[in-house]
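The residues making up each chain are set out below.
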Amino acid sequence: QVQLVESGGGLVQAGGSLRLSCAASGLGSTFSINTMGWYRQAPGKERELVATINSGGSTNYADSVKGRFTISRDNAKNTMYVQMNSLKPEDTAVYYCYVRTQFRSLYRESWGQGTQVTVSS
C-alpha cells in the first residue's frame, strides 16, 4: 500500500508563491512509480487535473496553470513537487497528490489526503 504525504499548503496573497511536496513510501520491491500528479478540488466543484509528470519527465498542465505552475519529481526520493507562482484567488482549493504505480501490466492508483491552498485577493 503506497502512502502519500503532502506538505506545503497554506494561505498566500494573490501574486504570491507556494511549493507543494508529495512524498511516496511503501512501494515495496516490485512496483515502481509511473505517473505522478496534482489534482485540486475547490468548494462546490469537481476534482480537476492540475499537472502530471511521468517517469520520463514529460509533463502535462491544465490550461489554467500553464506558465505559472511547474511540476517536478525526484525519482531517487520518490517525491514530487509543484512550484506555484503568480497565484490567483481561483487557485484556492484542496490539492491532492496522485501516484500511479506499475508492475509489469498491473497498475495501482493512490491518492494523498490533500493539502489546503488558499489565495486571498
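Located above this text is the structure these notes cover.
Here the structure is a predicted model, which is why all the values come from computation and not from measurement.

### Regarding the sheet that holds strand β8 (residues 79-84)
Working step 1: If you walk across this open sheet you meet the four strands as β1-β3-β8-β7, and the pairing is antiparallel. In this open sheet, the two strands that pair with only one neighbour each are β1 (3-7) and β7 (69-74). Strand after strand, the sheet turns through a mean of 15 degrees between neighbouring axes, direction not considered.
Working step 2: By the bridge criterion, six bridges tie β7 to β8 in an arrangement that is antiparallel. Bridge assignment links I71 to a residue of β8, and that residue is V82.

### Comments concerning the nonpolar core
Working step 1: Counting 30 residues, the largest nonpolar core has W38, F69, M80, M84 and Y95 as its most contacted members.
Working step 2: Mapped by element, the contributors of at least two residues to this core are β3 (18-25), β4 (32-41), β5 (48-53), β7, β8, β9 (93-103) and β11 (115-120).
Working step 3: Leaving out residues up to four positions away in the same chain, M84 has contacts with G16, S17, L18, L20, R68, F69, Y95 and V117.

### Describing the environment of D91
Working step 1: Relative to the helices and strands, D91 is located in the loop between β8 and β9.
Working step 2: Within the structure, D91 has its side chain in polar contact with the side chain of R40 (distance 3.0 Å).

### What to know about the packing of aromatic side chains
Working step 1: Evaluation of the coordinates by the stated rule reveals four aromatic pairs.
Working step 2: Ring centres of Y39 and W111 lie 5.1 Å apart, and the angle between their planes is 65 degrees; this geometry places the pair in the edge-to-face category. One end of the pair, Y39, is in strand β4; the other, W111, is in strand β10 (residues 106-111), and 72 residues separate them in sequence.
Working step 3: Aromatic pair Y98 and W111: ring centres 5.0 Å apart, planes at 55 degrees, arrangement tilted. Taken as a pair, Y98 in strand β9 and W111 in strand β10 lie far apart in primary sequence, 13 residues in all.
Working step 4: Its relative accessible area of 8% is what places Y98 among the buried residues.
Working step 5: Given the relative accessible area of 37%, W111 is considered partly exposed.

Definitions and limits used
Residues numbered from 1 in each chain as written. Predicted model: local features only at pLDDT ≥ 70, side-chain atom pairs only at ≥ 80, totals over all residues. Heavy atoms only, no water. Pairing = 2+ DSSP bridges. Helix = DSSP H or I, 4+ residues; strand = E, 2+ residues; numbered from the N terminus. Axes fitted to C-alpha atoms, helices over the stretch in contact; angles between N-to-C directions. Core = buried A, V, L, I, M, F, W, Y, C linked by side-chain atoms within 4.5 Å. Buried < 20%, exposed > 50% of the residue type's maximum accessible area, 1.4 Å probe, protein only. Contact = heavy atoms within 4.5 Å. Polar contact = N/O pair within 3.5 Å; in protein donor to acceptor, adjacent residues only side chain to side chain. Phe/Tyr/Trp six-rings, centres within 6.5 Å; stacked < 30°, edge-to-face > 60°.

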